[in-house]
Amino acid sequence: MDMSVDFDRLLFFEHARKAAEAEYEKNPLDAENLTRWGGALLELSSFQNVNESKRLLLESISKLEEALLINPKKHDALWCLGNANTSYAFLTPDQEEARSYFDKSALFFQQAVDEDPENDLYRKSLEVSAKAPELHTEIHKQGFAQQAMATGPSTSTTAKTAKKKKSNDLKYDIFGWVILAVGIVAWVGFAKSNVPPPPPPR
């Protein structure tokens, strides 16, 4: 069941990416289309290996920045840009490099909140972004600890397992919300772009 849902999502966002790319050829100054394109690339990055994912995220960031050059107050582009930077940071093992992406994401989330203060999703993203560097450190420590344990004797205890499970649950909660939210934004944008024209007047 999950595999077919993932495949459907992959097809949906690949179609959205291609549609946005085609629309860009007609009108490169459409900030809404660039935001949809960036959002689709952000979603597609979650289906790839680390290197390909990072490449798609950088492309997403580029499209979203282009949208903001056209409309600097476009809150959904600001919010997606915050998510793209957060995702890139989590894929970056180097603490200092990751920190610069987390700092950028917090700035974009804050700008999105400033433009649309009533948006709960933007406020929650800003709130969660403050905890992201700590979560990054924990995830990468565990990754390296797991590699080390694979070569040495197993010394895991119930407490370590519980802490790891809690951390993984939090990580998946955050990623799940980010992916769901980006999916909703992209879907709404895609739906708006494919609204049939009104009937001709009689």
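We now turn to the structure provided with this report. Just so it is clear, the model here is predicted, and its values are computed rather than measured.

So, the overall build of the protein
Right, so step 1: A tally of regular secondary structure across the protein gives eight helices and zero strands.
Right, so step 2: Overall, the protein shows an N-to-C arrangement of helices and strands of α-α-α-α-α-α-α-α.
Right, so step 3: Taking all 202 residues of the protein together, 37% fall into the buried category.
Right, so step 4: Restricting the contact set of the protein to residue pairs at least 6 apart, pairs at least 24 apart contribute 66%.

Quick notes on the nonpolar core
Right, so step 1: One finds Leu64, Trp79, Leu81, Phe90 and Phe102 to be the most contacted residues of the largest nonpolar core, which totals 36 residues.
Right, so step 2: If you list the elements that add at least two residues to this core, you get α1 (2–26), α2 (31–45), α3 (50–70), α4 (75–90), α5 (95–115) and α7 (132–151).
Right, so step 3: The element contributing the most residues to this core is α4, with nine residues.

Observations regarding the packing of α5 against helix α6 (residues 120–129)
Right, so step 1: It is at 9 Å that the axes of α5 and α6 come closest, and there the two elements cross at 155°. Considering their axes alone, α5 and α6 lie roughly antiparallel with respect to each other. Judged by the twist between their axes, the crossing of α5 over α6 is left-handed. Residues Ala106, Phe109, Gln110, Ala112 and Val113 of α5 pack against Tyr122, Arg123, Ser125, Leu126 and Ser129 of α6.
Right, so step 2: Within the contact of α5 with α6, the residues separate by chemical class into six nonpolar, three polar and one charged.

Section: the pattern of salt bridges
Right, so step 1: Inspection of every chain in the model, using the stated rule, returns 12 salt bridges.
Right, so step 2: Linking Arg55 and Glu52 is a salt bridge whose minimum nitrogen-to-oxygen distance equals 2.6 Å. With Arg55 and Glu52 both in helix α3 and three residues apart, the pair spans about one turn of that helix.
Right, so step 3: Taking the relative accessible area as the measure of exposure, Glu52 reaches 26% and is therefore partly exposed.
Right, so step 4: Here Glu59 makes a salt bridge to Arg55, at a shortest N to O gap of 3.2 Å. Here Glu59 pairs with Arg55, and both are found in helix α3, just four residues apart, close to one helical turn.
Right, so step 5: Residue Glu59 is classed as partly exposed on the basis of its relative accessible area of 27%.
Right, so step 6: Beyond isolated ion pairs, a larger network of salt bridges with shared partners links Asp6, Arg9 and Glu43.

Criteria and cut-off values
Residues numbered from 1 in each chain as written. Predicted model: local features only at pLDDT ≥ 70, side-chain atom pairs only at ≥ 80, totals over all residues. Heavy atoms only, no water. Helix = DSSP H or I, 4+ residues; strand = E, 2+ residues; numbered from the N terminus. Buried < 20%, exposed > 50% of the residue type's maximum accessible area, 1.4 Å probe, protein only. Contact = heavy atoms within 4.5 Å. Core = buried A, V, L, I, M, F, W, Y, C linked by side-chain atoms within 4.5 Å. Axes fitted to C-alpha atoms, helices over the stretch in contact; angles between N-to-C directions. Parallel < 35°, antiparallel > 145°, perpendicular 65-115°, else oblique. Left-handed = near helix turned anticlockwise from the far one by under 90°. Nonpolar A, V, L, I, M, F, W, Y, C, P; charged D, E, K, R; others polar. Salt bridge = Lys/Arg side-chain N within 4 Å of Asp/Glu carboxyl O.

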